[in-house]
Amino acid sequence: MKKKTLSAIMAVTLTAAMLAGCGGNNSPKEEQKPEKETEEKKEEPKDEAEQVSEGGKTNWSNPEEWKKRHSVDDIYNMLTDLEKNYPEYAELGSLGQTTKGNDIKVLTITDESVDASTKTGIGWLANIHGDEREAGESGAYAAAWMLENLEDQTVQEILKNHIVYVVPILNPDSHNIYEYFVRGTSQELDKNGDGEACNDLYEDITGDEWIGQIYASSGKNEEDPWSTFTGYAGYESKDLDGNGWLGDDSWASGYDINRNFDFMWEEGKEYNGKSGGESAASEVETQLIQKFMEEHPMDALASLHTGIQTVLYPWCYRPADVANAQEMEDIKFMADTSEKMRAAFEKTAQRNFYTMCSHDDYQTYCELIDYAYGVHGIHAYTVEVYSAGGDETTAYDPNHDPADPNVCAWNDTDYPESRMDYFEYDEFVKILEDNGLKPDSVKMKVLNEEGDETGEETTLAAMKEAGKMQGIYVYASDRNARGSYVPEDQDMMVEGAKDALLQMIYAEGKVKDPAQ
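Since the model is a prediction, treat every value here as computed from it, not as a measurement.

(A) Region of the structure containing the packing of helix α1 (residues 72-85) against helix α2 (residues 133-147). Closest axis-to-axis distance for the α1/α2 pair is 11 Å, and the angle between their directions is 15°. The pairing of α1 with α2 is recorded here as roughly parallel in orientation. Between α1 and α2 the crossing geometry is left-handed. For the pair α1 and α2, contact is made by Ile75, Met78 and Leu82 and by Gly136, Ala140, Ala143, Ala144 and Leu147, respectively. For the contact of α1 with α2, the class distribution of residues is seven nonpolar, one polar and no charged.

(B) Examining the sheet that holds strand β4 (residues 162-167) more closely. Ordered in space as β1-β2-β4-β3-β7-β10-β8-β9, the eight strands form an open sheet in which the pairing is mixed. Two strands in the sheet have a free side with no partner beyond their single neighbour: β1 (90-97) and β9 (354-357). Geometrically, the sheet is characterised by an average inter-axis angle of 20° between neighbouring strands, direction not taken into account. Across six bridges, β1 lies against strand β2 (residues 103-109) in antiparallel orientation. Residue pairing for β2: Glu91 is matched across the bridge by Thr108. The strands touched by helix α3 (residues 153-161) within the sheet are β2, β3 (120-126) and β4, with β4 carrying the most contacts at an inclination of about 95°. Running over the sheet, helix α7 (residues 325-349) touches β8 (309-313), β9 and β10 (379-385) and is turned about 30° from β10.

(C) Broad picture of the packing of aromatic side chains. In the structure shown here, the tally under the stated rule is 21 aromatic pairs. An angle of 50° between the planes, with centres 4.9 Å apart, marks the rings of Trp315 and Tyr373 as tilted. With Trp315 in the loop between β8 and α7 and Tyr373 in helix α9 (residues 368-376), this residue pair connects regions lying 58 residues apart in the sequence. The exposure class assigned to Trp315 is buried, which follows from its relative accessible area of 0%. The class of Tyr373 is buried, set by a relative accessible area of 0%. A cation over an aromatic ring shows up here: Arg351 above the ring of Trp410, its NZ or CZ 4.2 Å from the ring centre. One Lys or Arg, Arg419, reaches over the ring of Trp210 and ends 5.4 Å from the middle of that ring.

Definitions and cut-offs
Residues numbered from 1 in each chain as written. Predicted model: local features only at pLDDT ≥ 70, side-chain atom pairs only at ≥ 80, totals over all residues. Heavy atoms only, no water. Axes fitted to C-alpha atoms, helices over the stretch in contact; angles between N-to-C directions. Helix = DSSP H or I, 4+ residues; strand = E, 2+ residues; numbered from the N terminus. Parallel < 35°, antiparallel > 145°, perpendicular 65-115°, else oblique. Left-handed = near helix turned anticlockwise from the far one by under 90°. Contact = heavy atoms within 4.5 Å. Nonpolar A, V, L, I, M, F, W, Y, C, P; charged D, E, K, R; others polar. Pairing = 2+ DSSP bridges. Phe/Tyr/Trp six-rings, centres within 6.5 Å; stacked < 30°, edge-to-face > 60°. Buried < 20%, exposed > 50% of the residue type's maximum accessible area, 1.4 Å probe, protein only. Lys NZ or Arg CZ within 6 Å of the ring centre and 35° of its normal.

Right, here's the structure in full:
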């Protein structure tokens, strides 16, 4: 998701300089294919969807297939199956390997019988944030739909005129470890400085299949539990490093690939903070994406996300420069295209979506779409495919204000809400002891009445002895559910995203929208 979140304990206000950027058109450059995979592939057992793929036909775009959650392996197996069955149109390659050695796979889709020099590139890049799995589902579905509809005249025209690069999962390292809800990169870092990387991973010690944050409480308060917090112990874990701080050396690096691109990084480093990385393009994934874009010219690119329901366009870091005629022409083109994409998505999905300049939604620096447009002159869009929950104010209304984000949600009635579970002190001590922990060894940061850290450190047992706590609250965010939870009508979601991506292609002018 593009959206920022603030800690429940502390909000930090940051300011950043607003500096001008540049757009422009792509210079002619020979089209290059991504490196084709050469490693020996292990024979994978076929699932029900793969079993219908004999004889050169696949059925991956069957709506039933998209009413479930897919892992990285599921999606990569699907890409392999598509390449095998459509060899004249699909070629599977890799941008390269991540920190953990996982391939960032790309499926190149085009009509191989047509000279590549006459074509222009299109990018469908998804799931740059590891926990935004609906984005990955949408990118994978679009690839399958394209190849399974080769008899469609419009698809034929697209593949004669364009080379479509589909990267369903830009962040495979973090995609699968949903229990850690890792948004950025997943690395073996020594976050607690004890000389050993990732030696205190999160673990569900309460046994409810959620990972929660542990707070000392002055007493149960169902109306406002946050007001009772007097101490903070960290995330659920077994303190495997033995330093008393729970979950202080997890997989999550804190570095956000989508704040790490080499465009306006120096100007944005204070604003982005740690999420921007140690330096411009410091993350392996960022480097691979940038290299791919340098070697594969594109006219248009969509970055698919999860968290809100919108189509956004540059800039992310500042408003458009009204004194720059070329920039204003580009921005108007992308704004008009975004509206067409928004309208197509919501008509198919029967949910409300909005559109605006990304900066007007809220300011960010060093995002993929700013890098794509600012460095390569690519028409670039952020497509956010899903916002959980909703109520009567977000019910589908085709006549809603297309610039109003407050009416846009998926309206899935069974989405699990955040959890706030209260345990009496003795009850929680029993949980600790069952997991090999003791209350006098579990450390806590003392909080003041506003919920801010005072700088004082103590233990859970000492908090109890001092009369500063009566029990424990374990707060688990709804993000814990994203790994296994499948939104209602996810099949309509991926279909809507595909229709939005097609509008992006039509806008480039080589292929006519069949509805026009």
